[in-house]
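Remarks on the overall topology
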Amino acid sequence: MTEFKPLVFSGVQPTGNLHLGNYLGAIRKFVALQENNDCIYCVVDLHALTAQLVHEDMATQIRSITAAFLAAGIDPKKHIVFNQSQVPQHSELAWIFNCVARIGWMNRMTQFKDKAGKDREQASLGLYAYPSLMAADILVYRATHVPVGEDQKQHLELARDIAMKFNMDFAEKIRPTGLGIDIKVGDEPVHAYFPMVEPLIDGPAPRVMSLKDGTKKMSKSDPSDLSRINLMDDQDAISKKIRKAKTDPDALPSETDGLKGRPEADNLVGIFAALADKSKAEVLSEFGGQQFSVFKPALIDLAVEVLAPINAEMRRLMEDPGHIDAVLRDGGERARARAEKTMNEVRDIIGFVR
Ligand code: TYM
């Protein structure tokens, strides 16, 4: 039994301002993972067309996500940073995956149901097929690990289903090419061309919640800007939003069990823990018994300390779009070479003439 070579892949859509949820759920993990892994980070601009076709500021949005990656500390020379539309192999593999995935699987996707809303007939076909393109993003590099927030879990399960069905359906064609690897899925031995991707969701803030309602996800589409901290917010805005964040009247508990049924307290402690690279238990051992009037100023100081340098560096980088475009072009070229290798192998497995 051999193993797939570990490779980290993840993507962020260039739609709206990045917020603390994107940073703690995804980008901060991207930065940590680059220490010991080969990583590919993608601005998924093709995905941005699924909910809204025309974007006035598409190029600026793509550059702004790239600037956030770099400002947070991703090294585009050691790793790969690029935008999805520069690598057409993503779309090509997505087409094949559209033929692998079953309509019943797509019908179960909760994000499609949420985003399509009541008038599903008017949603784009792209929004429906979105998770298939997401699977292709990952598997066109045969990536093994995907750091994301919890809201992407179901999409990654679908990516595993697609990989599994491809491996099973093409098993007799994969074996003679020598391109497959014997892996175990549960107890089942499988001769696989595509790996079973592992979601990396853990950490103290897998789902950062709205500052105004601890039962709702922090999101760029929330009409209230007070519900989220944007990566481009200045010190005053960060401070105001945390001061105004909803809480309950009780002091913080000393143990994590005491956060049950207190969504706002749980959220703020999770944010503190993620920003400080600590566990919630460690944060509570420091702040247990304290009122929010003590905890909130400490959280403001920490959030400003972590976010202000990223904010400043993003602004500096955005003043030189030529540099950002060069980073994306270089990353795109390297990504294309890897993706084309996979596509040639997939074409051979399927039996296309080339
Ligand atoms: P997107 O652009 O909506 O969000 C980018 C990342 O931020 C995470 N995230 C959160 N994490 C914690 N708390 C929150 N409130 C929160 N809000 C957002 C998301 O989970 C995500 O990790 N489908 C993806 C983009 C994508 C992708 C991929 C990801 C396309 N292809 C391949 C991984 C691999 C999305 O829409 O993320």
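Further up the page is the structure itself.
Scope of this entry: the structure provided in the associated data block. (Residues numbered from 1 in each chain as written. Predicted model: local features only at pLDDT ≥ 70, side-chain atom pairs only at ≥ 80, totals over all residues. Heavy atoms only, no water.)

**Considering the side chain of threonine 50**
By the secondary structure assignment, threonine 50 is in the loop between strand E2 (39–43) and helix H2 (58–72). A relative accessible area of 11% places threonine 50 in the buried class. Once residues lying within four places of it in the same chain are set aside, the contact partners of threonine 50 are Ser124, Gly126, Leu127 and Tyr130. (Helix = DSSP H or I, 4+ residues; strand = E, 2+ residues; numbered from the N terminus. Buried < 20%, exposed > 50% of the residue type's maximum accessible area, 1.4 Å probe, protein only. Contact = heavy atoms within 4.5 Å.)

**Topic: H2**
Helix length check: H2, at 15 residues, gives a terminal C-alpha distance of 21 Å against a target of 21 Å (1.5 Å per residue), a fit within 8%. Burial analysis of H2 places 11 of its 15 residues in the buried class, the great majority of the element. Those residues of H2 lying buried are Met58, Gln61, Ile62, Ile65, Thr66, Ala67, Ala68, Phe69, Leu70, Ala71 and Ala72. Contacts made by the buried residues of H2 are with strand E1 (8–12), helix H1 (20–33), E2, strand E3 (80–83), helix H12 (292–318) and helix H13 (321–350). Glycine 73 sits one or two positions beyond H2 and adopts a positive phi of about 120 degrees. (Expected span 1.5 Å × (residues − 1).)

**Considerations on the pairing of E2**
Most of E2 is tucked away: five of the five residues are buried. Neither face of E2 is exposed, since Cys39, Tyr41 and Val43 on one face and Ile40 and Cys42 on the opposite face are all buried. Here E1 pairs with E2 via five bridges, running parallel. If you follow serine 10 over to E2, its bridge partner there is tyrosine 41. As for the winding sense of the linkage, the β-α-β connection from E1 through H1 to E2 is right-handed. Direction of pairing for E2 relative to E3: parallel, over a ladder of four bridges. Looking across to E3, one finds that valine 43 is bridged to asparagine 83. For the segment spanning E2, H2 and E3, crossover handedness is right-handed. (Pairing = 2+ DSSP bridges. Right-handed = clockwise from strand over helix to strand, strands pointing away.)

**Looking at the pattern of salt bridges**
Under the defined criterion, the tally for this structure stands at 23 salt bridges. For arginine 347, the salt bridge goes to glutamate 92, with nearest N and O atoms at 3.0 Å. On the criterion of sequence distance, the pair formed by arginine 347 in helix H13 and glutamate 92 in helix H3 (residues 89–100) is long-range, its members being 255 residues apart. Looking at arginine 347, the relative accessible area reads 14%, which means it is buried. Put simply, arginine 228 and aspartate 225 hold a salt bridge, and the shortest N to O gap is 3.5 Å. Exposure remark for arginine 228: the relative accessible area of 9% places this residue in the buried category. Salt bridges sharing common partners tie together Asp225, Arg228, Asp233 and Lys241. (Salt bridge = Lys/Arg side-chain N within 4 Å of Asp/Glu carboxyl O.)

**Focus on the site of the ligand**
Around the ligand, a shell composed of 27 residues is seen, among which Gln13, Tyr130, Asp137, Asp151 and Val208 lie nearest. In this structure, glycine 21 approaches the ligand through a main-chain N or O atom, which is 3.1 Å from a nitrogen atom. The separation between an oxygen atom of the ligand and a polar main-chain atom of glycine 149 is 2.8 Å. For the shell around the ligand, the secondary structure elements donating two or more residues are E1, H1 and helix H6 (125–139). Here the shell around the ligand is built from residues that sort into 12 nonpolar, 10 polar and five charged. (Near = heavy atom within 4 Å. Polar contact = N/O pair within 3.5 Å; in protein donor to acceptor, adjacent residues only side chain to side chain. Nonpolar A, V, L, I, M, F, W, Y, C, P; charged D, E, K, R; others polar.)

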